[in-house]
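Here's the letter readout for the chains.
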Amino acid sequence: MSGWLRQAVGGLPRQFWFLWTGTLINRLGSFVVLFLSIYLTSDRHFTQSQAGLVLGCYGVGGAIGTMTGGVLADRWGRRPTMLTAQFGASALMLTLGFAHSYWQIAAVTFLLGMFAEGVRPAFSAMMVDVVPEHDRVRAYSLNYWAINLGFALAAVAAGFAAQFDYLLLFVVDAGTTCLTAIITAIFLAETRPARTRTPGVAVPAGGMGTALRDRVFLVYLLLSLASVLVILQHTSTLPLTMLADGLSAATYGAVIAVNGVLIVLGQLFVPKLIEGRDSARVLALAALIIGVGFGLVAVADTAWVFALTVIVWTLGEMLQSPSNAATVAALSPPHLRGRYQGLNSLTWSIGTALAPILGGLLLQNGGDAVLWVGCFGLCAIAAVGQLLSGPARARRTAQRRTEEIALAERELTATATA
């Protein structure tokens, strides 16, 4: 057991563990987005479509934030971008708790999306900077484990806290985000690659346009978006479906906590499980399992059946998350990591904007069966796409690795002859 534990957590850089700690603390207080649809419909008495539009505002703001955050992470630096986004998100989270009118809530939610999601590209780029390639799947699994340990505890606590006062959710969320920013300020050093390189070695050119012209990467993002649109139904239409079946907000919190508990118990075993396997096949299998899990919601009507569907799609999510993160890192040139990570985060922001809107419309106009069977179909299409596009990604990954080795060799040569 001790040997497995050393294999799972040993040998990672010190800075990674500060990132990991900040992730865990932040997720322990991440209540608001998870319960926002319930808060808006039950406490503020908005309609399902109005609640979906507010969640969509978060997604639109997040899309702008991730793109801006990606550029700033490469130009300004990882650390200052993270600090600005984290302190801003903390203040806006508290502001949202005191907003009352529909348009006030929509506007603050939009700004919150910008700042809360703006930290993602810088955080991800910093993790790629400090963790060697051979340890990245393991590091991403550990970080994902921390996310879901916090998520599992937060979901249950928030479900009960919401029965007393929703404002408490906003206050705690703001406090943990601020504490994460303090950890960033005290313990994290800047990791952005130097803008000036060794004399005699050309600095690689490129910007956001380079990333946007990378067809291999864009196809991958499109396939990822399909899965994201389905996964994000768990924070938008899934709680509405459970409420419509007569289940309470506390029951939803307990059911969705199964997702975090299962990941906490099993995520550390995932790196060994997928080690040496073709990433395209792993991603295809993950998408298919996610689709089956959400498709089964169409026949769920009791808490234990809903919990069973969560178990199924969580297994797919456990395979998908570290494989996705490692794939994006492998496809990203070092000097454009912030931009590539920003575009990857953009798929989640677009999903956050579209998932509640599309899901809410399907639920309201088509009913449960249309929504959840449609989720399965979309994931099945994504699975086929992952298999077909896998060879192109493998060639691009090999090309990136060759480029990095060649650049490092030129730098060593230039340094030796200087």
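In what follows, the accompanying structure is described. These figures come from a predicted structure and were not determined experimentally. (Residues numbered from 1 in each chain as written. Predicted model: local features only at pLDDT ≥ 70, side-chain atom pairs only at ≥ 80, totals over all residues. Heavy atoms only, no water.)

1. Some points on the packing of aromatic side chains
Note the threshold: In summary, the pairing rule links any two rings of Phe, Tyr or Trp, Trp by its six-membered ring, whose centres are within 6.5 Å, and it sorts them by plane angle into stacked for under 30 degrees, edge-to-face for over 60 and tilted for everything else. A run of H or I in DSSP counts as a helix once it spans at least four residues, and a run of E counts as a strand once it spans at least two, with each numbered from the N terminus.
A complete count under the given rule lists 9 aromatic pairs for this structure. Between Trp 17 and Trp 20, the aromatic rings sit 5.6 Å apart at their centres with planes inclined by 70 degrees, giving edge-to-face as the arrangement. Here Trp 20 and Trp 17 lie together in helix α2 (residues 14–28), a separation of 3 residues that amounts to about one turn. Following the ring pairs from residue to residue traces out a cluster consisting of Phe 16, Trp 17, Trp 20 and Trp 145.

2. Comments concerning the layout of surface pockets
Here is the rule we go by: Only protein atoms enter the 1 Å grid, on which a cavity is a set of points fitting a 1.4 Å probe that cannot get out and a pocket is an open set with protein on both sides within 12 Å along at least 5 of 7 lines, lining residues being those with an atom within 4 Å of a point. Grid points are joined across faces, edges and corners, and a volume is the space filled by probe spheres set on the points. Three categories are distinguished: nonpolar for Ala, Val, Leu, Ile, Met, Phe, Trp, Tyr, Cys and Pro, charged for Asp, Glu, Lys and Arg, and polar for the others, with Gly belonging to the last.
As a volume, the largest pocket reaches approximately 850 Å³. The wall of the largest pocket is formed by 31 residues, among which Val 137, Ile 274, Glu 275, Gly 276 and Ala 326 lie closest to the centre. For the lining of the largest pocket, the secondary-structure elements that each account for two or more residues are α1 (2–9), α7 (136–161), α13 (270–274), α14 (279–295), α15 (303–331) and α17 (368–417). Of the residues assigned to the lining of the largest pocket, the class counts are 12 nonpolar, 9 polar and 10 charged.

3. Quick look at the packing of helix α10 (residues 215–231) against α15
Using the following cut-off: The axes used here are C-alpha line fits, helices contributing only the stretch in contact, and every angle between their N-to-C directions lies in the interval 0 to 180 degrees. Angles below 35 degrees are treated as roughly parallel, those above 145 as roughly antiparallel, those between 65 and 115 as roughly perpendicular, and all remaining angles as oblique. Working rule for handedness: look at the near helix, and if it is turned counterclockwise from the far one by less than a right angle, call the crossing left-handed; if clockwise, right-handed. Any pair of residues with heavy atoms lying within 4.5 Å of one another is described as a contacting pair.
With their axes 12 Å apart at the nearest point, α10 and α15 run at an angle of 160 degrees to one another. On the basis of the axis angle, α10 is roughly antiparallel to α15. In terms of crossing hand, the pair formed by α10 and α15 is left-handed. Facing Phe 217, Tyr 220, Ser 224 and Ile 231 of α10, the residues of α15 in contact are Gln 320, Ser 323, Asn 324, Thr 327, Val 328 and Leu 331. In terms of residue class, the contact of α10 with α15 is built from 5 nonpolar, 5 polar and no charged.

4. Quick word on the pattern of salt bridges
Condition: Criterion for a salt bridge: a side-chain nitrogen of Lys or Arg within 4 Å of a carboxyl oxygen of Asp or Glu. For the exposure calls, accessible area comes from a 1.4 Å probe over protein chains only, and a residue counts as buried if that area is under 20% of its type's maximum, exposed if over 50%, partly exposed in between.
Taken as a whole and judged by the stated rule, the model has 7 salt bridges. Salt-bridge contacts for Arg 78 lead to Asp 129; the nearest nitrogen and oxygen are separated by 2.8 Å. Here the residue Arg 78 occupies a position in helix α5 (residues 78–98), and Asp 129 occupies one in helix α6 (residues 102–130), the gap between them amounting to 51 residues. A salt bridge links Arg 120 to Glu 117, with the nearest nitrogen and oxygen atoms 2.4 Å apart. Residue Arg 120 and its partner Glu 117 are located together in helix α6, separated by 3 residues, close to a single helical turn. Overall, the relative accessible area of 7% leaves Glu 117 in the buried class. Each of Asp 74, Arg 78, Asp 129, Arg 337 and Arg 339 takes part in salt bridges that share partners, so that together they form one network.

Distances and angles like these do not, on their own, reveal function.
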